[in-house]
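Take a look at the letters that make up each chain.
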Amino acid sequence: CHIQDAFAVPQPSRLLFIAGPPGCRLNEDKKQTLSVLRKKFTRCYEPNTAYGPYDLQIGAVKTKSIEKCQLLCQMTPACTHFTFWTLDGSCHLANSMDGEKRIEGVADFVAGPRTCGAGPAPAAAAALAVHM
């Protein structure tokens with residue numbers, strides 16, 4: 001058994017593997033999972049990405065969720081992007097005044113802006129409907 005998170009990339013050509021969503025229906029107690037999936041499909045959250053330098057205003061904070069990390073960024077005046085480390089649940093904040101740079105290919109990190117755009121694109125909304 002190999003469990004993936006919301007940022008896993010489907011690989012349909014893998015022989016002898018069977019995969020699927022975490023459940024047949026996303027019910028009320030799975031609102032956070034649905035919210036994270038929406039932000040993934042709208043490209044708000046960027047897997048394997050970090051923004052740095054970070055932690056110059058405040059040190060790393062254990063938020064234990066991507067959404068709480070983004071909320072911390074919203075509550076911190078100069079924050080423009082957040083970086084969440086999925087391995088230990090720590091949140092790191094970056095701001096443009098410190099020469100912020102986007103770093104790609106950073107395993108186990110998910111980054112995002114202070115706030116996300118409106119709603120999912122039509123194709124993303126259709127993909128989400130499959131899981132409901």
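Predicted model, so just to flag it, every value in this text is computed and none were measured.

Student: Just checking my understanding: could you explain the pattern of salt bridges for this structure?
Tutor: Close approach of charged atoms lets side chains of opposite charge pair. Under the definition given, this model contains 3 salt bridges. Two residues, D88 and K62, come together in a salt bridge whose shortest N-O distance is 3.3 Å. Of this pair, D88 sits in the loop between β4 (81-85) and β5 (90-94) while K62 sits in strand β3 (residues 61-62), and the two are 26 residues apart along the sequence. The class of D88 is partly exposed, set by a relative accessible area of 27%. With its nearest N and O atoms 2.4 Å apart, the salt bridge here joins E104 to R102. A relative accessible area of 43% means that R102 is categorised as partly exposed. Connected through salt bridges with shared partners, the residues E46, R102 and E104 form a single ionic network.

Student: How should I be thinking about the sheet that holds β5 in this particular structure?
Tutor: Whenever strands of a sheet pair, they do so through backbone hydrogen bonds, lying parallel or antiparallel. Read across the sheet, 5 strands follow the order β1-β7-β4-β5-β3 without closing on themselves; strand pairing throughout is antiparallel. Of all the strands in the sheet, the pair left with one neighbour each is β1 (46-47) and β3. Sheet contacts for helix α2 (residues 66-75): β3, β4, β5 and β7 (109-113); angle to β4, the most-contacted strand, approximately 150°.

Student: Please explain the nonpolar core as it appears in this structure.
Tutor: What tends to happen in soluble globular proteins is that the nonpolar side chains get buried as a cluster. Of all hydrophobic cores here, the largest spans 12 residues; its members are C44, Y45, I66, C69, L72, C73, C79, F82, F84, C91, L93 and V110. Sorting the residues of this core by element identifies α2, β4 and β5 as the ones contributing at least two each. It is α2 that provides the largest number of residues to this core, a total of 4 residues. If sequence neighbours within four positions are ignored, C69 has contacts with T63, F82, T83, F84, C91, H92 and L93.

Student: How should I be thinking about the packing of aromatic side chains in this particular structure?
Tutor: Aromatic rings in a pair are described by how distant their centres are and how their planes are angled relative to each other. Across all of its chains, the model carries 2 aromatic pairs by this definition. Measuring from ring centre to ring centre gives 5.9 Å for Y45 and F82, while their planes differ by 90°; the resulting arrangement is edge-to-face. Placement of the pair is Y45 in the loop between α1 (31-41) and β1 and F82 in strand β4, with a sequence separation of 37 residues. By the burial criterion, Y45 is buried, and F82 matches it. Relative to F109, the ring of W85 lies with its centre 5.7 Å away and its plane at 10°, an arrangement referred to as stacked. Remark: F109 occurs in strand β7 and W85 occurs in strand β4; sequence separation between them is 24 residues. Look at W85 and you get partly exposed, because its relative accessible area is 28%. We classify F109 as buried; its relative accessible area is 14%.

Thresholds, definitions, all that
Residues numbered from 1 in each chain as written. Predicted model: local features only at pLDDT ≥ 70, side-chain atom pairs only at ≥ 80, totals over all residues. Heavy atoms only, no water. Salt bridge = Lys/Arg side-chain N within 4 Å of Asp/Glu carboxyl O. Helix = DSSP H or I, 4+ residues; strand = E, 2+ residues; numbered from the N terminus. Buried < 20%, exposed > 50% of the residue type's maximum accessible area, 1.4 Å probe, protein only. Pairing = 2+ DSSP bridges. Contact = heavy atoms within 4.5 Å. Axes fitted to C-alpha atoms, helices over the stretch in contact; angles between N-to-C directions. Core = buried A, V, L, I, M, F, W, Y, C linked by side-chain atoms within 4.5 Å. Phe/Tyr/Trp six-rings, centres within 6.5 Å; stacked < 30°, edge-to-face > 60°.

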